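# A closer look at the structure
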Amino acid sequence: EMLADVLAAYADGSVTYEVQDEVRATYARRLEKSDGRIDWRRPAEWVDRQIRAMTPWPGAFTDLCLPAVEPVRLVVLRAGVCECGEGGRVAGRIDVRPGPRLVVWAGAGCVELLRLKPAGRKEMSAAEFVRGSPVLRGCSGRGEIGFASG
């Protein structure tokens, strides 16, 4: 939306430029793979922004902790902030909702996972992932499994 306004202002010459103060300029450090680890204790808006910022590289990732099974690494490719509903759940806990929808409780609010890539598998929708996981299908609404917090 803003792009149209800026391009119109540029075309009519009303855009003003400000020279950067070189004394106050800084460099951002180089991203590392570990910068992509999702910390579910953060607010939902922060997690959503992290996922967008880290896609495609280094990739936003988390470890799915299932009972009596090694954690499964998931790269989260797309997500969004969503309504939590009933709650006060623990950060990183999963709610499988009708659809199926994969909703994760964050430190404040909830994040709905939309597209992900399990380790060693192809990219898929969260609904496809839930349908292919008997453990997730069986936990609908009980919040008994979750992601490592960070």
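Refer to the structure above for everything that follows.
Residues numbered from 1 in each chain as written. Predicted model: local features only at pLDDT ≥ 70, side-chain atom pairs only at ≥ 80, totals over all residues. Heavy atoms only, no water.

Those residues of helix H2 (residues 44-54) that fall on the buried side of the exposure criterion are Ala44, Val47, Asp48, Gln50, Ile51 and Met54. One face of H2 carries all of its buried residues, which in axial projection span an arc of 160°. Across H2 from its buried face, at more than 90 degrees, point the exposed residues Arg49, Arg52 and Ala53. Elements in contact with the buried residues of H2: strand S1 (60-65), strand S2 (72-82) and strand S5 (110-118). (Buried < 20%, exposed > 50% of the residue type's maximum accessible area, 1.4 Å probe, protein only. Helix = DSSP H or I, 4+ residues; strand = E, 2+ residues; numbered from the N terminus. Arc of directions from axis to C-beta. Contact = heavy atoms within 4.5 Å.)

Right, let's talk about the packing of aromatic side chains for a bit. In the structure shown here, the tally under the stated rule is zero aromatic pairs. Above the ring of Trp46, the side-chain terminus of Arg42 is found at 4.0 Å from the ring centroid. (Phe/Tyr/Trp six-rings, centres within 6.5 Å; stacked < 30°, edge-to-face > 60°. Lys NZ or Arg CZ within 6 Å of the ring centre and 35° of its normal.)

Counting buried residues in S1 gives five out of six residues, a clear majority hidden from the surface. As judged from the five bridges shared by S1 and S2, these two strands associate in the antiparallel manner. Within the sheet, the bridge partner assigned to Ala60 lies in S2 and is Val76. Linking S1 back to S2 in an antiparallel pair, the connection comprises six residues, with Ala68 at a positive phi of about 60°. (Pairing = 2+ DSSP bridges.)

Counted according to the given criterion, the structure contains eight salt bridges. Notably, a salt bridge pairs Arg41 with Asp39, separated by 2.9 Å at the nearest N-O pair. Overall, Asp39 belongs to the buried group, its relative accessible area being 19%. A salt bridge links Arg101 to Glu112, with the nearest nitrogen and oxygen atoms 3.0 Å apart. In this pair, Arg101 is assigned in strand S4 (residues 101-105) and Glu112 in strand S5, connecting sequence segments 11 residues apart. Each of Arg37, Asp63 and Arg73 takes part in a single network of salt bridges with overlapping partners. (Salt bridge = Lys/Arg side-chain N within 4 Å of Asp/Glu carboxyl O.)

Before going further, it helps to examine unusual backbone geometry. The residue after Thr55, namely Pro56, is reached through a cis peptide bond having omega 10°. As for its placement among the helices and strands, Pro56 is situated in the loop between H2 and S1. Residue Pro100 follows Gly99 across a cis peptide bond; omega there is -10°. Tracing the chain through its elements places Pro100 in the loop between strand S3 (94-97) and S4.

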